Amino acid sequence: MLTLYSYWRSSAAYRVRIALNLKGIAYRQVPVHLVREGGEQHGDAYRALNPQGLVPLLVDEENGGVRIAQSLAILEYLEEIFPVPAILPGEPAQRAAIRALALHIACEVHALDNLRVLQYLGRELGVSEEGRSAWYRHWVAQGLAAVEQDLVAYGETFSLGKRPGYLEACLVPQVYNARRFDCDLDAYPRILALTARCEALEAFRQAAPDAQPDAQ
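Remember, predicted model here, so these are calculated numbers, not experimental data.

A. Quick look at the layout of surface pockets. Considering only enclosed or pocket space, the largest pocket measures out at about 1100 Å³ in volume. Taken together, 42 residues make up the lining of the largest pocket; nearest its centre are Leu 34, His 110, Asn 114, Leu 115 and Arg 116. Those elements giving two or more residues to the lining of the largest pocket turn out to be helix H1 (11-23), helix H3 (71-81), helix H4 (92-113), helix H5 (115-123), helix H6 (129-150) and helix H7 (166-180). Counting residues per element, the lining of the largest pocket draws most heavily on H5, which supplies six residues. When the residues that make up the lining of the largest pocket are grouped by side-chain class, the tally is 17 nonpolar, 16 polar and nine charged.

Given below as structure tokens:
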């Protein structure tokens, strides 16, 4: 049994939910509210499980209770432990290209715009809501512009041809967040088309934030 510590609006947890669904892996969710009472991720009980104080956290009970933090590390673990169906292509250069795009989304876009960064800008540095929104939109625009160019390689298909995988698990949550913050996405037709193809699939619908048991 796999246990996923998650928060419905966490795009990092959203990535893992998509990957689990694409692989058809059963799991249970334990919600960790990132906002209520200062954030449950900062509490002693959760810190004892994950000293990073972040979601997601995956616990593999059947494999000695191993705990894995960081969404991309979890995706890699799932690919190694449950290799079929694969979420990465078989050819090394293709795998590297997809990992590079995923890391770009997770480390160059999301890392600058996540909840704790926005909270720090507001609470500690006194940046206005308008200023935080401008910050968010700047980094999203810069990041998605690069992704849009790289998607040329996949044409009108998924990253694995007839089906989505690792790349889409990272991209769709970032687009969800961009929409939440009213980012202008008109300049990214390839991203929007790929996202629409994914959102029509059951694995993505079940992983969507509003479909989660802790959605508010």
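On we go from here.
B. Up close: the packing of aromatic side chains. One pass over the structure, following the stated rule, counts five aromatic pairs. Measuring from ring centre to ring centre gives 6.4 Å for Tyr 7 and Trp 8, while their planes differ by 65°; the resulting arrangement is edge-to-face. Tyr 7 sits in the buried class, given a relative accessible area of 8%. The class for Trp 8 is buried, based on a relative accessible area of 3%.

C. The arrangement of helix H8 (residues 189-199) in detail. Those residues of H8 that fall on the buried side of the exposure criterion are Ile 191, Leu 194, Thr 195 and Cys 198. Take H8 and look down its axis: the buried residues cluster within an arc of 100°, on one side only. Buried-residue contacts for H8 involve H6, H7 and helix H9 (202-207).

What counts and how
Residues numbered from 1 in each chain as written. Predicted model: local features only at pLDDT ≥ 70, side-chain atom pairs only at ≥ 80, totals over all residues. Heavy atoms only, no water. 1 Å grid on protein atoms, 1.4 Å probe; cavity = no way out; pocket = protein on both sides within 12 Å on 5 of 7 lines; lining within 4 Å. Points joined across faces, edges and corners; volume = space filled by probe spheres on them. Helix = DSSP H or I, 4+ residues; strand = E, 2+ residues; numbered from the N terminus. Nonpolar A, V, L, I, M, F, W, Y, C, P; charged D, E, K, R; others polar. Phe/Tyr/Trp six-rings, centres within 6.5 Å; stacked < 30°, edge-to-face > 60°. Buried < 20%, exposed > 50% of the residue type's maximum accessible area, 1.4 Å probe, protein only. Arc of directions from axis to C-beta. Contact = heavy atoms within 4.5 Å.

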